[in-house]
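Chain residues, written in single-letter form:
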Amino acid sequence: MTISKEILAQKPEELISWLNAVKSGAIKLEASPNDLLGVADGAVFEARHGALSKTDRIEWAEAAVAVYEFLADKVPSGTNSFDCSGKMFTVSMIEEFGPVEGHSLLDPRLVEEWFFQRLNASREEILEKAQTLRNTPVNKWAVEKIIPLRELKSRLNVIEQLKRIGCLSNPELDKWLEIKKILP
């Protein structure tokens, strides 16, 4: 049996406890990032398609997001990808179950806060960087200048979905969404 199957045979709260024990060092992680991605995918499946109660589905969704967050912390090369996957899934759960203020998964403001916490430049600075890049021939683009802008665009995709479902409350995010179309 693979680690994914072993972990997914547990209850969602046991999966989260296991992750917390790994984070604290109480348990040694004997799984690859791909194994953990399989765990996240399995938890997502249970949350979306399981023949479970609403409460159980939300618990599986929380477990899936916890795995994505763990992967974002532990796999530097995939941080933004795992981070955005977790938040995109969160938005889909908000759409399905409705927004719930103060809920660790279903509160749209937590997604908005997540976006702002990851900003490393002002909107004006981003606009300037994007415009400079657009005025540079493609064969002269430097990867280290493109990646942060692409990562921002991925995070804006999450915010765009939050807006699409009518759960965007911070008007400043609309201004950020306006610049998405000029990002590489």
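This text goes with the structure placed above it.
Here the structure is a predicted model, which is why all the values come from computation and not from measurement.

Caption draft 1: Just the pattern of salt bridges, in detail. Under the definition given, this model contains seven salt bridges. Salt-bridge contacts for Asp-83 lead to Arg-118; the nearest nitrogen and oxygen are separated by 2.5 Å. One end of the pair, Asp-83, is in helix α5 (residues 79-97); the other, Arg-118, is in the loop between α6 (108-117) and α7 (123-134), and 35 residues separate them in sequence. In this structure, the salt-bridge partner of Lys-180 is Glu-160, at a minimum N-O distance of 2.8 Å. Of the two residues, Lys-180 is situated in the segment after α9 (171-178) and Glu-160 in helix α8 (residues 143-164); the sequence distance between them amounts to 20 residues. Judged by its relative accessible area of 15%, Lys-180 is buried. Of the residues examined, Glu-160 reaches a relative accessible area of 34% and is grouped as partly exposed.

Caption draft 2: Geometry of the side chain of Glu-112. You can see Glu-112 is positioned in helix α6. Among the polar contacts made by the side chain of Glu-112, one reaches the main-chain amide nitrogen of Asn-170 at a distance of 3.4 Å. Setting aside anything within four residues of it in sequence, one finds Glu-112 in contact with Ile-159, Leu-162, Cys-167, Leu-168, Ser-169, Asn-170 and Leu-173.

Caption draft 3: Here's a closer look at the environment of Lys-180. Considering only alpha carbons, one finds Lys-180 and Lys-153, 27 residues apart in sequence, at a separation of 5.9 Å. For Lys-180, the contacting residues outside a window of four places in its chain are Lys-153, Leu-156, Asn-157 and Glu-160. For Lys-180, the side chain forms a polar contact with the side chain of Asn-157, separated by 2.8 Å.

Caption draft 4: Summary view of the packing of aromatic side chains. Tallied over the full model, the rule gives two aromatic pairs. With 5.6 Å between their ring centres and 75 degrees between their planes, Phe-115 and Phe-116 make a pair best called edge-to-face. When its relative accessible area of 0% is taken as the criterion, Phe-115 is described as buried. Between Phe-115 and Trp-176, the ring centres sit 5.7 Å apart and the planes meet at 75 degrees, which makes this aromatic pair edge-to-face. In this pair, Phe-115 sits in helix α6 while Trp-176 sits in helix α9, placing the two residues 61 residues apart along the sequence.

Caption draft 5: View of the state of the cysteines. One pass over the structure, following the stated rule, counts zero disulfides. Take Cys-84: it sits in no disulfide, and the sulfur closest to it among the cysteines is that of Cys-167, at 18 Å. For Cys-167, a relative accessible area of 13% corresponds to the buried category.

What counts as what
Residues numbered from 1 in each chain as written. Predicted model: local features only at pLDDT ≥ 70, side-chain atom pairs only at ≥ 80, totals over all residues. Heavy atoms only, no water. Salt bridge = Lys/Arg side-chain N within 4 Å of Asp/Glu carboxyl O. Helix = DSSP H or I, 4+ residues; strand = E, 2+ residues; numbered from the N terminus. Buried < 20%, exposed > 50% of the residue type's maximum accessible area, 1.4 Å probe, protein only. Polar contact = N/O pair within 3.5 Å; in protein donor to acceptor, adjacent residues only side chain to side chain. Contact = heavy atoms within 4.5 Å. Phe/Tyr/Trp six-rings, centres within 6.5 Å; stacked < 30°, edge-to-face > 60°. Disulfide = S-S within 2.5 Å.

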